[in-house]
Amino acid sequence: MVRRSLTTPSREGMINIDALVREVITEAGIKDGLLTIFVPHTTAAITINENADPDVQRDILSHLAKIIPQNPHFHHSEGNSDAHIKSVLTGPSVTLIIENGKPQLGTWQSVFFCEFDGPRKREIWFQIIAA
Amino acid sequence: MVRRSLTTPSREGMINIDALVREVITEAGIKDGLLTIFVPHTTAAITINENADPDVQRDILSHLAKIIPQNPHFHHSEGNSDAHIKSVLTGPSVTLIIENGKPQLGTWQSVFFCEFDGPRKREIWFQIIAA
Amino acid sequence: MVRRSLTTPSREGMINIDALVREVITEAGIKDGLLTIFVPHTTAAITINENADPDVQRDILSHLAKIIPQNPHFHHSEGNSDAHIKSVLTGPSVTLIIENGKPQLGTWQSVFFCEFDGPRKREIWFQIIAA
């Protein structure tokens, strides 16, 4: 397992981690297989979506905030139940295909660390399995 | 990695790809392991759910459209931010268990390609890892 | 593949299965790799989230019920379309990293079986791949 850390700049954000993903695969020296990316946090998540127009990320975050508002009817006393719910729905991990030593992503896809309760220092864990 | 393509017939739909999944596993000749199915698109997704009553798929798509409407308050100019959000929440990949050369699914489960911004020509990527 | 069963006590609930996960890994004797946990049901799911304050699970389930109510406008005649939709959004499987014979989870993370249409007897399937 490989561990990397990152610092998120605001309460909510989608941070492109493609460069980190490529670096981890290159260092492992694996040509073909699977890469599991895992977030060891309960108010963050990992997803894959469009990298071209930043308005897409803005629309994703603003609509999630609309259907899962950070409002006071929740019971959990830390005031971040909205972040836990977004984490469950987005998911704590993704599994990517590796071919020719590169992560296989579609033309418009990037891997994003989703911060729902920052700013914080966060970790991302990686496991590579050769095919 | 194995690549297959499919053409989706309408803007939204859940297309059963069980036959494709079985075919990919049979061609690989792997008896036991994992199969990762990955969609290289940002307005589509992969899920597993009920195959018996088509009303379940109808209810899933109509309720997603209710909580994530294709409305004009989004910033992304292509008018398909709803599809990007559904893609994030449903997820770009699933990982299945292979045993005795067959995908292991529950009695009522099938694998579905979820189209949220069709009709389009789409790809599905598969990676098999032997146990 | 390893199969385990559990009985869920109510219509909705998040059941901590950490002990089961550790047991399956120990019995397999694998030190490093991946564990895929798969739910062969269409009205249940697997997730990873906070184990410390039970109010977090309460907030997750109550907010999901708010945005996906069990109401009569659905077409599927069994009256559990809400459970199918929650299953799609939460997801039928998670993949964990195994290191030193242990599931790698963050400080506040546990693995939860999510019941959305119980009480029922349910199964959980596990596949381990060595790194």
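To be clear, the structure that these remarks concern was listed above.
Everything in this summary refers to the structure shown in the same document. (Residues numbered from 1 in each chain as written. Chains lettered and ligands numbered in written order. Predicted model: local features only at pLDDT ≥ 70, side-chain atom pairs only at ≥ 80, totals over all residues. Heavy atoms only, no water.)

1. A word on empty space enclosed by the protein
And step 1. Enumeration according to the criterion identifies one cavity of 30 Å³ or more in this entry.
And step 2. Of the volumes computed, that of the largest cavity is approximately 410 Å³.
And step 3. Lining of the largest cavity is provided by 30 residues; of these, A:Ser93, B:Thr90, B:Ser93, C:Thr90 and C:Ser93 occupy positions nearest its centre.
And step 4. For the lining of the largest cavity, the per-class residue count stands at 15 nonpolar, 15 polar and no charged. (1 Å grid on protein atoms, 1.4 Å probe; cavity = no way out; pocket = protein on both sides within 12 Å on 5 of 7 lines; lining within 4 Å. Points joined across faces, edges and corners; volume = space filled by probe spheres on them. Nonpolar A, V, L, I, M, F, W, Y, C, P; charged D, E, K, R; others polar.)

2. Structural notes on the packing of aromatic side chains
Residue and element names in this part refer to chain A.
And step 1. With the rule as written, the count across this model stands at three aromatic pairs over all chains.
And step 2. With centroids separated by 6.0 Å and ring planes inclined at 25°, the aromatic side chains of Phe38 and Trp125 adopt a geometry described as stacked. Placement of Phe38 in strand E3 (residues 33–38) and of Trp125 in strand E8 (residues 121–130) is noted, with a sequence separation of 87 residues between them. Each member of the pair Phe38 and Trp125 is classed as buried.
And step 3. Just above the ring of Trp125 sits the side chain of Arg3; from NZ or CZ to the centre is 5.0 Å. (Phe/Tyr/Trp six-rings, centres within 6.5 Å; stacked < 30°, edge-to-face > 60°. Helix = DSSP H or I, 4+ residues; strand = E, 2+ residues; numbered from the N terminus. Buried < 20%, exposed > 50% of the residue type's maximum accessible area, 1.4 Å probe, protein only. Lys NZ or Arg CZ within 6 Å of the ring centre and 35° of its normal.)

3. Digging into the sheet that holds strand E1 (residues 2–7) of chain B
Residue and element names in this part refer to chain B.
And step 1. Reading across the sheet, the five strands line up as E1-E8-E3-E5-E6 and stay open at both edges, with antiparallel pairing between neighbours. A strand with exactly one partner marks an edge of an open sheet, and here the two such strands are E1 and strand E6 (102–103).
And step 2. Taken together, the six bridges between strand E3 (residues 33–38) and strand E8 (residues 121–130) define a ladder with antiparallel strand orientation. Considered in E8, the bridge of Ile37 is made with Phe126.
And step 3. Set on the sheet, helix H1 (residues 18–28) makes contact with E1, E3, strand E5 (93–99), E6 and E8; between it and E8 the angle comes to about 45°. (Pairing = 2+ DSSP bridges. Contact = heavy atoms within 4.5 Å. Axes fitted to C-alpha atoms, helices over the stretch in contact; angles between N-to-C directions.)

4. Examining the relation of the copies chain B and chain C
Superposition of the two copies of the chain requires a rotation about an axis together with a shift along that axis.
And step 1. Structural alignment of chain B on chain C gives an RMSD of 0.0 Å, achieved by rotating through 120° and translating 0.0 Å along the axis. Here the copies are linked by what is in effect a three-fold axis. When C-alpha positions in chain B are compared against the rotation axis, the closest is assigned to B:Leu89, at 3.3 Å. (Least-squares fit on C-alpha atoms with pLDDT ≥ 70 in both.)

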